[in-house]
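Listed here are the chains, written in short residue letters.
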Amino acid sequence: GDSVTQMEGPVTLSEEAFLTINCTYTATGYPSLFWYVQYPGEGLQLLLKATKADDKGSNKGFEATYRKETTSFHLEKGSVQVSDSAVYFCALRKKSGNTGKLIFGQGTTLQVKP
Amino acid sequence: EPEVTQTPSHQVTQMGQEVILRCVPISNHLYFYWYRQILGQKVEFLVSFYNNEISEKSEIFDDQFSVERPDGSNFTLKIRSTKLEDSAMYFCASSDGLAGGETQYFGPGTRLLVL
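**Section: the overall build of chain B**
And then number 1: A count of helices and strands for chain B gives zero helices and 11 strands.
And then number 2: For chain B, the N- to C-terminal ordering of α and β elements is β-β-β-β-β-β-β-β-β-β-β.
And then number 3: For a compact globule of 115 residues, the expected C-alpha radius of gyration is about 13 Å, and chain B comes in at 13 Å, within 12% of that figure.
And then number 4: The C-alpha extent of chain B, read off along each of the three principal axes, is 40 × 30 × 30 Å.
And then number 5: When each of the 115 residues of chain B is scored for burial, the buried share is 47%.
And then number 6: Contacts in chain B between residues at least 24 apart in sequence constitute 54% of all its contacts with a sequence separation of at least 6.
And then number 7: Of the accessible surface of chain B, which amounts to about 5,700 Å², a share of 47% is contributed by carbon and sulfur atoms.
And then number 8: Counting 9 positive and 15 negative side-chain charges, chain B places the centres of these two groups 6 Å from one another.

Now the structure itself:
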């Protein structure tokens, strides 16, 4: 079945370091891809998305490119801040036969130290 | 910015008791969802709801679970007879479309603990 796999966490970085969180997916067809973020004590918030191959989603300095050939959607940020500390979830949603269901990866905890 | 709200934020219940988790989706949204996250595990889809009926449900969503939109604003998840393994964070979400890129907006969650 359809699935999303993320790199294991936690990821611990110093402020201003470069961030990559890997995400790969398995799905029939070409799903839409999402990154959600969960700050402590809050719900899931959409960070960025891409709906077709080679699309790049970006927001708040984060970027991810939809790579069909490697079935990946890795999250990157050039210079992380302490305020980026959160749990990051990669997710997919099918476009056909779709009821809107999101399929999530297991989440990756990011801790940024000053 | 409009937001999805959920009540209560925390609930503790005894095994076998019924619980109702409440959600107020964003007002002009038509598609509603429940997800859950057992501690340390993935966020899992439970059910989607559109036009006053379930459009998809997962294997987790058995006869002990039900959803309802009792009025124009609330969306509820009922667990009829809770089990220990129902302990999890439950998230409600809503969206205004299905074409592919529409954002699902999530509430802050209800943490359910079954003793």
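**A closer look at the interface of chain B and chain A**
And then number 1: Taken residue by residue, the interface counts 21 residues in chain B and 22 residues in chain A.
And then number 2: Where chain B abuts chain A, roughly 1,800 Å² becomes buried across the two surfaces, and 51% of that area is made up of carbon and sulfur atoms.
And then number 3: A salt bridge links B:E56 to A:K101; the shortest N-O distance between them is 2.9 Å.
And then number 4: In this assembly, chain B and chain A are joined by five residue pairs in polar contact (both at pLDDT 80 or more).
And then number 5: Elements that contribute at least two residues to the side of chain B that touches chain A include exactly β4 (31-37), β5 (43-50) and β6 (53-57) of chain B.

**Examining the packing of aromatic side chains**
One pair of aromatic rings is described through two measures. These are the centre distance and the angle between the planes.
And then number 1: If you walk through the whole model with that rule in mind, you get 17 aromatic pairs over all chains.
And then number 2: On the basis of an interplanar angle of 85° and a centroid distance of 5.7 Å, the ring pair of A:F104 and B:Y35 is categorised as edge-to-face. Placement of the pair is A:F104 in strand β11 (residues 103-104) and B:Y35 in strand β4, with the two residues belonging to separate chains. For the pair shown, A:F104 and B:Y35 are each scored as buried.
And then number 3: Judged by centre distance (5.9 Å) and plane angle (25°), the rings of B:W34 and B:F75 are stacked.

**Section: the side chain of B:T13**
And then number 1: Looking at the element boundaries, B:T13 is found in strand β2 (residues 10-13).
And then number 2: Here B:T13 falls in the buried class, since its relative accessible area comes to 9%.

**Notes on the state of the cysteines**
All names here are of chain A.
And then number 1: A complete count under the given rule lists two disulfides over all chains for this structure.
And then number 2: Here C23 is linked by a disulfide to C90, with a sulfur-sulfur distance of 1.9 Å. Residues C23 and C90 are joined by a disulfide whose S-S torsion is about -70°; by sign, that bridge is left-handed. Here C23 is found in strand β4 (residues 23-26), whereas its partner C90 is found in strand β10 (residues 86-93), with 67 residues between them in sequence. When sorted by exposure, C23 lands in the same class as C90, which is buried.

**Points about a nonpolar patch on the surface**
All names here are of chain B.
And then number 1: On the surface, V12, L113 and L115 cluster together into a nonpolar patch covering about 270 Å² of accessible area.
And then number 2: By the secondary structure assignment, V12 is in strand β2.
And then number 3: Since its relative accessible area comes to 56%, V12 is described here as exposed.

**Some points on the pairing of β5(B)**
Residues and elements named next belong to chain B.
And then number 1: Of all eight residues that make up β5, six are buried, and the element is covered over most of its length.
And then number 2: By the bridge criterion, four bridges tie β5 to β6 in an arrangement that is antiparallel. In the strand pairing of β6, F49 is matched with I54.
And then number 3: Taking the residues that link successive antiparallel strands as the turn, the β5-β6 hairpin has two residues, and the phi of N51 there is positive, at about 55°.

**Concerning the pattern of salt bridges**
Residues and elements named next belong to chain B.
And then number 1: A full pass over the atoms with the stated rule returns seven salt bridges over all chains.
And then number 2: Close ionic contact of R36 with E44 constitutes a salt bridge, the shortest N to O distance being 3.4 Å.
And then number 3: Put simply, R36, E44 and D86 are held in one network by salt bridges that share partners.

**As for the sheet that holds strand β7 (residues 56-59) of chain A**
Residue and element names in this part refer to chain A.
And then number 1: Across the sheet, which stays open at both edges, the four strands sit in the order β3-β9-β8-β7 with antiparallel pairing between neighbours. Two strands lie at the open edges of the sheet, namely β3 (19-21) and β7, each paired on one side alone. Averaged over neighbouring strand pairs, the angle between their axes works out to 15° when direction is ignored.
And then number 2: Note that β3 and strand β9 (residues 75-77) share three bridges and pair antiparallel. Bridge pairing in β9 links I21 to L75.

Criteria and cut-off values
- Residues numbered from 1 in each chain as written.
- Chains lettered and ligands numbered in written order.
- Predicted model: local features only at pLDDT ≥ 70, side-chain atom pairs only at ≥ 80, totals over all residues.
- Heavy atoms only, no water.
- Helix = DSSP H or I, 4+ residues; strand = E, 2+ residues; numbered from the N terminus.
- Rg over C-alpha atoms; globule rule 2.2 N^0.38 Å.
- Buried < 20%, exposed > 50% of the residue type's maximum accessible area, 1.4 Å probe, protein only.
- Contact = heavy atoms within 4.5 Å.
- Areas by Shrake-Rupley, 256 points an atom, 1.4 Å probe, with all protein chains shown as cover.
- Lys, Arg positive; Asp, Glu negative; His and termini not counted.
- Charge placed at Lys NZ, Arg CZ, Asp CG, Glu CD.
- Buried area = accessible area lost by both parts, 1.4 Å probe.
- Salt bridge = Lys/Arg side-chain N within 4 Å of Asp/Glu carboxyl O.
- Polar contact = N/O pair within 3.5 Å; in protein donor to acceptor, adjacent residues only side chain to side chain.
- Phe/Tyr/Trp six-rings, centres within 6.5 Å; stacked < 30°, edge-to-face > 60°.
- Disulfide = S-S within 2.5 Å.
- Patch = residues over 30% accessible without salt bridge, like charges linked within 9 Å, V, L, I, M, F, W, Y side chains within 5 Å.
- Pairing = 2+ DSSP bridges.
- Axes fitted to C-alpha atoms, helices over the stretch in contact; angles between N-to-C directions.

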